[in-house]
Every structure is written in structure tokens, then in C-alpha cells.
Amino acid sequence: LTRRHVTVALNGDGGDENFLGYPRYVGAWLGSWMNRLPGSVRRALGAAGSALPGEISDVRILRYLRRFLREANEDDVRRYGKWITFFSAAQKSELYGDAMRDQLGDDPLSGLDGWFEGDAPIASRAAFADIHSYLPDDLLVKVDVASMAHGLEARSPFLDHEFMEFAATIPAGVKMRRWQTKAILKSAMADRLPRELLHRPKMGFGVPIDRWLRGELRDMAYDVLLSDGARARGLFQRAEIQRLLDDHMSGRRANHYRIWALLFLEMWFRMWIDPSSPPGRP
């Protein structure tokens, strides 16, 4: 739609990382305070979080509370890492097949360790990790692919290197004030943008994967993930894949991100490892 009117467009990529805009940065800050609690209290909080029905709740704050409390007993890096991953270690132990069992001893979150080093506030270190991982490996790739597919040049003013260096000197307590994310940016734009725009709830660019998988993609998900070809790879336990699908389709659990990841892994295998089998066919 944008390309119908212009050939170059500006986007806001980098705003959240530069100015602590993600709610998980608030969670990281609160989690650093929770680290001071006795271990028994943190374990109790973790158990309470796991008992909350937040995973299938339509109430955003309940989902956030469940995610926050569930990892109460973790250190800062592992807590943050689990917030941005789809499968826990326990889920992997049930899911992985013979071809993947050797990977269970690895810690995929260790890749974040280097970005969390130092004594800066935990929210700043989390943003620093995202600047070196989530931003270049996910967000910028998505924008580049989508914009260039339509001949649209996308520019990211917030990622100007001098601007980012300046933003890095601003204290975390100024960027995120009284739990308000991007506080300094909102203050700077207060006389330029309407209040209802500046302070509306954060909205991502997600797509309704959960609804798709329960609707028009339901049969495809079952056919692809439970196919003979997928089973023959030995990557995952077929019974566990069946349970993930059934639980999501029935509404018992929200497994859409997990199913989506598994679905695209299998499609990737078909496209690049099994060239004789066209993608999309079981």
C-alpha cells in the first residue's frame, strides 16, 4: 500500500531498543529486584506463575504476569532468554526425537551471555542483547524482505549510528520512568503528536497465527507435521507433535508459536534438503 504512493519510507525500527520500549524490559527490571528475595519465596512465586491460566488468556496482563512469575527462580539472563523462546528445556526433552537427543545438553541461551555482561541496569543490557540479535536477525530481515519485494526502500532513522551512540549515553531511568516505556521519547514528542497516539497500548505487527491454525491452516498443519517424511527425519516425537496440535486446536493451550516454528522447520527441510518434494505437500 505504501509503495502506491512513495518509493522511500521511514520506519521506527530501533526505537524500542534505543529507548526501552518493550514490556519485557520492565519485566527484566522488576526481575532484578525479585532476585533479592529468598530462594524459597522465588520458587513459590514460580509455582504460582505456572498455575495461572495466562497462556490461553485474552487478558494481556495475565499473560505477562504468568510469564514473569514462572521464571522467578532464574538468573537475569536465563529469565530474559526464556521470555523470548518458544520451548522450555522440559518441553524439548519430551519433543526431541533420536536425531535431536544429543542437543538436549546444550544451552541455547548461552549465546546471550556476552551481551549481558557489565554492570549497566538489566533493562539496558537486555536492550543491548536485542540490538545484537533480535533486531538484525529478525526485525530488519522482515522489513527488508517485505519492502524490497515491492520495490520500496525502507529507512530506519533510529538506527543512525551516531544517534544510537547518543541514545546509549542516556540513563535507563530516564528512558523508562515509573514503569513507562520510552518515557523520554514520549516526552520529546508530547507537543507534536496527540496524547491518544503517544500513550496507546503497544501494538506489534503480528499476524493471527492462532486463528489460522484453528481455521484455514488446520489441515495443512496436521498433514505436514504428521507426514511420513517428517517422522522419518527422527527430529521430533510424533506423539508429542500430535499432542501440541490437538491441544491447540481444542483450545486447551495456545501452542501456535510452537507449531508455527515446527511447521516452518519442516517446510525448510522440504525446500532445501528434499528438493524432489515440493513445499506444502505432505
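Residues numbered from 1 in each chain as written. Predicted model: local features only at pLDDT ≥ 70, side-chain atom pairs only at ≥ 80, totals over all residues. Heavy atoms only, no water.

### Some details on the nonpolar core
Generally speaking, a soluble globular protein has its nonpolar side chains buried in company with each other.
Thinking step 1. Of all hydrophobic cores here, the largest spans 24 residues; its most connected members are L20, Y25, Y80, L112, F116 and M176.
Thinking step 2. Secondary-structure elements contributing two or more residues to this core are α2 (23-34), α4 (60-70), α5 (76-83), α7 (122-132) and α8 (134-148).
Thinking step 3. A total of 5 residues in this core trace back to one element, the largest contributor, which is α7.
Thinking step 4. Not counting residues up to four positions away in its chain, the partners in contact with F116 are V77, Y80, I122, R125, A126 and A129.
Thinking step 5. Y96, A221, L225 and L244 belong to the second-largest nonpolar core, a separate cluster that totals 22 residues. (Core = buried A, V, L, I, M, F, W, Y, C linked by side-chain atoms within 4.5 Å. Buried < 20%, exposed > 50% of the residue type's maximum accessible area, 1.4 Å probe, protein only. Helix = DSSP H or I, 4+ residues; strand = E, 2+ residues; numbered from the N terminus. Contact = heavy atoms within 4.5 Å.)

### Thoughts on empty space enclosed by the protein
Thinking step 1. A complete count under the given rule lists 2 cavities of 30 Å³ or more for this structure.
Thinking step 2. In terms of lining residues, the largest cavity is bounded by 13 residues, among which L225, A230, R231, F236 and I241 are the most central.
Thinking step 3. Across the lining of the largest cavity, the residue classes tally to 8 nonpolar, 1 polar and 4 charged.
Thinking step 4. Approximately 40 Å³ is the volume attributed to the second largest cavity.
Thinking step 5. Elements with a minimum of two residues in the lining of the second largest cavity: α6 (89-95) and α16 (238-250).
Thinking step 6. The element that contributes the greatest number of residues to the lining of the second largest cavity is α16, accounting for 3 residues.
Thinking step 7. For the lining of the second largest cavity, the class distribution of residues is 3 nonpolar, 1 polar and 3 charged. (1 Å grid on protein atoms, 1.4 Å probe; cavity = no way out; pocket = protein on both sides within 12 Å on 5 of 7 lines; lining within 4 Å. Points joined across faces, edges and corners; volume = space filled by probe spheres on them. Nonpolar A, V, L, I, M, F, W, Y, C, P; charged D, E, K, R; others polar.)

### Focus: helix α17 (residues 256-273)
Counting along an α-helix, one turn takes 3.6 residues, and residues three or four places apart therefore face a common direction.
Thinking step 1. Taking 1.5 Å per residue as the helical rise, α17 with its 18 residues ought to reach 26 Å, and the 25 Å between its terminal C-alpha atoms agrees with that figure.
Thinking step 2. All buried positions along α17 are accounted for by H256, R258, I259, L262, L263, E266, M267, F269 and R270. Each buried residue of α17 sits inside an arc of 165° when the element is viewed along its axis, so together they form one side.
Thinking step 3. Buried residues belonging to α17 abut α6, α13 (209-214), α14 (218-225), α15 (228-233) and α16. (Expected span 1.5 Å × (residues − 1). Arc of directions from axis to C-beta.)

### Details of unusual backbone geometry
Negative phi is the rule for most residues except glycine; trans is the rule for most peptide bonds.
Thinking step 1. Non-glycine residue R178 carries a positive phi angle of around 50°.
Thinking step 2. Within the fold, R178 resides in the loop between α10 (172-175) and α11 (183-188).
Thinking step 3. Phi is positive for W179, which is not a glycine, with a value near 70°.
Thinking step 4. Mapping W179 onto the fold places it in the loop between α10 and α11.
Thinking step 5. Classification of W179 by relative accessible area gives exposed; the value is 56%.

### Considerations on the layout of surface pockets
Thinking step 1. Of the pockets and cavities examined, the second largest pocket occupies roughly 330 Å³.
Thinking step 2. At the level of secondary structure, the elements contributing two or more residues to the lining of the second largest pocket comprise α1 (15-19), α7, α9 (161-168) and α10.
Thinking step 3. At 5 residues, α7 tops the list of elements feeding residues into the lining of the second largest pocket.
Thinking step 4. Of the residues belonging to the lining of the second largest pocket, the class tally is 12 nonpolar, 3 polar and 3 charged.

### A closer look at the packing of α14 against α17
Each pair of packed helices gets described by two things: the angle between the helix axes and the distance between those axes.
Thinking step 1. Between α14 and α17, whose axes approach to 10 Å, the crossing angle comes to 55°. It follows that α14 is oblique to α17 by the angle criterion. Pair α14 / α17 crosses with left-handed handedness. For the pair α14 and α17, the contacting residues are M220, A221, V224 and L225 in the first and I259, L262, L263, E266, M267 and R270 in the second.
Thinking step 2. In terms of residue class, the contact of α14 with α17 is made up of 8 nonpolar, no polar and 2 charged. (Axes fitted to C-alpha atoms, helices over the stretch in contact; angles between N-to-C directions. Parallel < 35°, antiparallel > 145°, perpendicular 65-115°, else oblique. Left-handed = near helix turned anticlockwise from the far one by under 90°.)

### Thoughts on a nonpolar patch on the surface
Thinking step 1. There is a patch of nonpolar side chains on the surface, built from L265, W268, M271, W272 and I273 and spanning about 540 Å² of accessible area.
Thinking step 2. Relative to the elements of secondary structure, W268 occurs in helix α17.
Thinking step 3. With relative accessibility at 42%, the residue W268 sits in the partly exposed group. (Patch = residues over 30% accessible without salt bridge, like charges linked within 9 Å, V, L, I, M, F, W, Y side chains within 5 Å. Areas by Shrake-Rupley, 256 points an atom, 1.4 Å probe, with all protein chains shown as cover. Salt bridge = Lys/Arg side-chain N within 4 Å of Asp/Glu carboxyl O.)

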